[in-house]
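Listed below, chain by chain, are the residues.
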Amino acid sequence: MTHPRSLGVLLIVLWISVCVWGADGWAETVYVQAKTAQIRAGKTSLDAVVGNVKFGESLEIVGRDGSWMEVKTSAGARGWIFAGKTSTSKPSGGNDTLARLGQSMRGGDASATTASAGARGLDKASEGYANRTGVSARDREVVDRMTAYQIPDQEVEEFLREGGLGEYAK
Amino acid sequence: MRNNHGMWTALIALSLTVAGCAEVQRAAEDVARQSGNPRLAGAIHGAGNVVGSLLPIGYEEESSIGQAMALQVVARYGGVVDQPELVRYVNLVGRAVADTSDRPDIPYRVAILDHESINAFAVPAGYIFVTRGLLRQIRNEAELAAVLGHEIAHVSEKHILDVIQRSKRLAGVTEAGLSYATSNPAAFKGVIDGAVKKLLDEGLDQEKETDADMVGDVFAARVGYDAEAYVGLLMRLRDLKGDDRALFKTHPNFSARIDAVQKTIRTKHLATTGVVLQERFSRMTKRV
């Protein structure tokens, strides 16, 4: 026969466990909807960056204030993120499971080709196509340059800052 | 009995193929071949190709298709504008919108076609084109962001890749991946030519264009541009060209597009208090 006091303690422990699990298990989650995003110490673009998160990463919402959300990352960092860089649904992007499966079947490495590292030059297939269709050297050069064209992330950040866009919105 | 054994071998090989094990598929083919059963090896190879052709196009193949289609767009429109500061500006606006799109993990590049017609295109793998004529109609950065958002939406929603999948089936391509581009260049040319014809001459399905309008305006609003700006541009284009003959000959008429965008603004609660950045746009595009 179980002692009533022990049963009471057991029930309290169980209740606390459920509450703790529940708070964690039912916490509202958002996903990073931008290529990269910063977690800041406060809810303005002037506050210090306390962490960086990547596309698709899940974040637990702790609080909200206007266009900003207080979040906790899976690594345990806590801070504010501009809400425009998050989504309530998990983004699939260009790397969804089926596409990865297709890539795997073809023997390619999806992760190596989805990075914006910037391929240079026409690849074999499009070069062959250009030869077959008589595309001029000038037009090949245009697509070649376009393929290699990159703007550093810092310049994009500066552009957003100047325009009062994204997290720099006034 | 032997037939049953062969059938099970093929089924197991097919299952492994579906699970993404290309190496296992090749190994199964080798085993079948070495055990004196070339028909079974052929069946495994064929089954793998059929399954592969039904799977979504991977980025490597998308990139080759995008490059080949981009070559045709540039050739048909007579080249691009060579003004580095202007090109950098439209690319910055494109990056700002693309980075908060639903597919920010691929590179996007924008080129200005040196052509007076009023149009814009996107081909797979993030190659985006805006004509000089369209750029002349745009009055502020928010309108440009919405136009680029529309094109980015075509890429992120994989509208053109859907056309390519159909084009591949029509061209009789059953091989998985890009290998057909080198093993059967005529088929690759057929796929590209079919997709270019659909994009430049016939136009995508009207639902896809409406979808790109709505999704693109959401992308532009996400980064902080005024969501109403796109409505302003569409209204001016309607005034300019009328509604019977859509200015973008490949798109739905302007009134339908305006209604769809306005509905999106209402239902998605998009901010109409965002920035339009007219001064920056005028300064950067004064030589268009």
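Notes on the structure follow. Residue positions within a chain follow its written sequence, with the count starting from 1. Here every chain gets a letter starting at A, and every ligand a number starting at 1, in the order they are written. For this predicted model, a pLDDT threshold of at least 70 governs which residues receive local features, and a threshold of 80 or more governs which side-chain atom pairs are given and counted, while totals over whole chains, interfaces and linings are taken from all residues. With hydrogens and water stripped out, all remaining heavy atoms of the structure feed into the side-chain values.

### A look at the overall build of chain B
Applied cut-off: Think of it this way: any DSSP run of H or I at least four residues long counts as a helix, any run of E at least two long counts as a strand, and we number them from the N terminus. Burial status follows relative accessibility: with a 1.4 Å probe on protein chains alone, a residue under 20% of its type maximum counts as buried, one over 50% as exposed, and anything between as partly exposed. What makes two residues a contact is simply this: any of their non-hydrogen atoms within 4.5 Å. Residue burial considers only the protein chains on display, and all accessible areas are found by Shrake-Rupley using a 1.4 Å probe.
Scanning chain B from N- to C-terminus turns up 14 helices and three strands. Counting all 288 residues of chain B, 59% fall into the buried class. At a minimum sequence separation of 6, the contacts of chain B that also span at least 24 residues come to 70%. When the accessible surface of chain B is totalled, it reaches about 11,600 Å², and 53% of it is carbon and sulfur.

### Here we look at unusual backbone geometry
Residues and elements named next belong to chain B. Look at Lys158: it is not a glycine, yet its phi comes out positive at around 60 degrees. Looking at where Lys158 falls in the secondary structure, it is placed in the loop between helix 7 (141-156) and helix 8 (159-170). For Lys158, a relative accessible area of 15% gives the class buried. The backbone of Leu277 shows a phi angle near 55 degrees, a positive value even though the residue is not glycine. Looking at the secondary structure, you find Leu277 in the loop between helix 13 (254-267) and helix 14 (278-284).

### Here's the deal with the nonpolar core
This is how the line gets drawn: Buried Ala, Val, Leu, Ile, Met, Phe, Trp, Tyr and Cys residues that are joined via side-chain atoms within 4.5 Å together make up what is termed a nonpolar core.
Residues Met69, Phe129, Leu135, Leu144, Phe188 and Tyr225 of chain B are the most contacted members of the largest nonpolar core, which totals 102 residues. Residue contacts for Phe129 of chain B: discarding those within four places in its chain leaves Met146 of chain A together with Ala70, Val73, Val74, Ala111, Leu113, Ala120, Phe121 and Val123 of chain B. Of all hydrophobic cores here, the second largest spans 10 residues; its members include Val53, Leu59, Met69 and Ile81 of chain A.

### Brief notes about the pattern of salt bridges
Pairing is possible between side chains that carry opposite charge, provided their charged atoms lie close to one another. Here is the rule: A side-chain nitrogen of Lys or Arg and a carboxyl oxygen of Asp or Glu constitute a salt bridge if their distance falls within 4 Å.
Evaluation of the coordinates by the stated rule reveals 29 salt bridges over all chains. One salt bridge connects Glu28 of chain A with Arg64 of chain A, and the closest N-O pair in it is separated by 2.7 Å. Of this pair, Glu28 of chain A sits in the loop between helix 1 (4-25) and strand 1 (29-32) while Arg64 of chain A sits in strand 4 (residues 58-65), placing them 36 residues apart in sequence. Overall, the relative accessible area of 42% leaves Glu28 of chain A in the partly exposed class. One salt bridge in this structure joins Arg236 of chain B and Glu143 of chain B, with 2.8 Å as the shortest N-O distance. Taken together, the residues span a long stretch of sequence, with Arg236 of chain B in helix 12 (residues 229-241) and Glu143 of chain B in helix 7 at a distance of 93 residues. Each member of the pair, Arg236 of chain B together with Glu143 of chain B, is buried. Connected through salt bridges with shared partners, the residues Lys35 and Asp153 of chain A together with Arg95 and Asp99 of chain B form a single ionic network.

### Side note on the packing of aromatic side chains
Here the distance between the centres and the angle between the planes together describe a pair of aromatic rings. The test is simple: Paired rings are identified among Phe, Tyr and Trp, the last through its six-membered ring, by centres lying within 6.5 Å, and are further divided according to the angle between planes into stacked (under 30 degrees), edge-to-face (over 60) and tilted (the rest).
Within the structure shown, the criterion is met by six aromatic pairs over all chains. Judged by centre distance (6.2 Å) and plane angle (90 degrees), the ring pair of Tyr129 of chain A and Phe188 of chain B falls under edge-to-face. Highlighted residues: Tyr129 of chain A in helix 4 (residues 124-133) and Phe188 of chain B in helix 10 (residues 185-202), drawn from two different chains. In terms of burial, Tyr129 of chain A and Phe188 of chain B fall into one category: buried.

### Quick word on the sheet that holds strand 2 (residues 120-123) of chain B
Residues and elements named next belong to chain B. The condition that has to hold: Two strands form a pair only when DSSP identifies at least two bridges running between them. Axis lines are fitted to C-alpha atoms, over the contacting stretch for helices. Their N-to-C directions set the angle, which ranges from 0 to 180 degrees.
Taken in spatial order, the three strands line up as 1-3-2 in an open sheet, and their pairing is mixed. For this open sheet the edge positions go to strand 1 (109-113) and strand 2, each flanked by a neighbour on one side alone. Averaged over all adjacent pairs, the angle separating strand axes in this sheet is 20 degrees, with direction ignored. Pairing of strand 1 with strand 3 (residues 127-131) involves five bridges; the strand directions are parallel. Residue pairing for strand 3: Ile112 is matched across the bridge by Val130. Running at roughly 15 degrees to strand 3, helix 4 (residues 59-76) makes contact with strand 1, strand 2 and strand 3 of the sheet. In the packing of helix 7 onto the sheet, contacts are made with strand 1, strand 2 and strand 3, and the angle to strand 2 comes to roughly 25 degrees.

### A word on the side chain of Asn140 of chain B
Residues and elements named next belong to chain B. Under the convention used in this document: Here a polar contact is taken to be a pair of N or O atoms separated by no more than 3.5 Å, where protein atoms must pair a possible hydrogen donor with a possible acceptor and residues adjacent in sequence count only if both atoms sit in side chains.
Structurally, Asn140 can be placed in the loop between helix 6 (132-137) and helix 7. From its side chain, Asn140 meets the backbone nitrogen of Ala142 in a polar contact 3.1 Å long. A polar contact is formed between the side chain of Asn140 and the backbone nitrogen of Glu143, at a distance of 2.8 Å. In contact with Asn140, other than residues within four places in its own chain, are Ala229, Val276, Leu277, Gln278 and Phe281.

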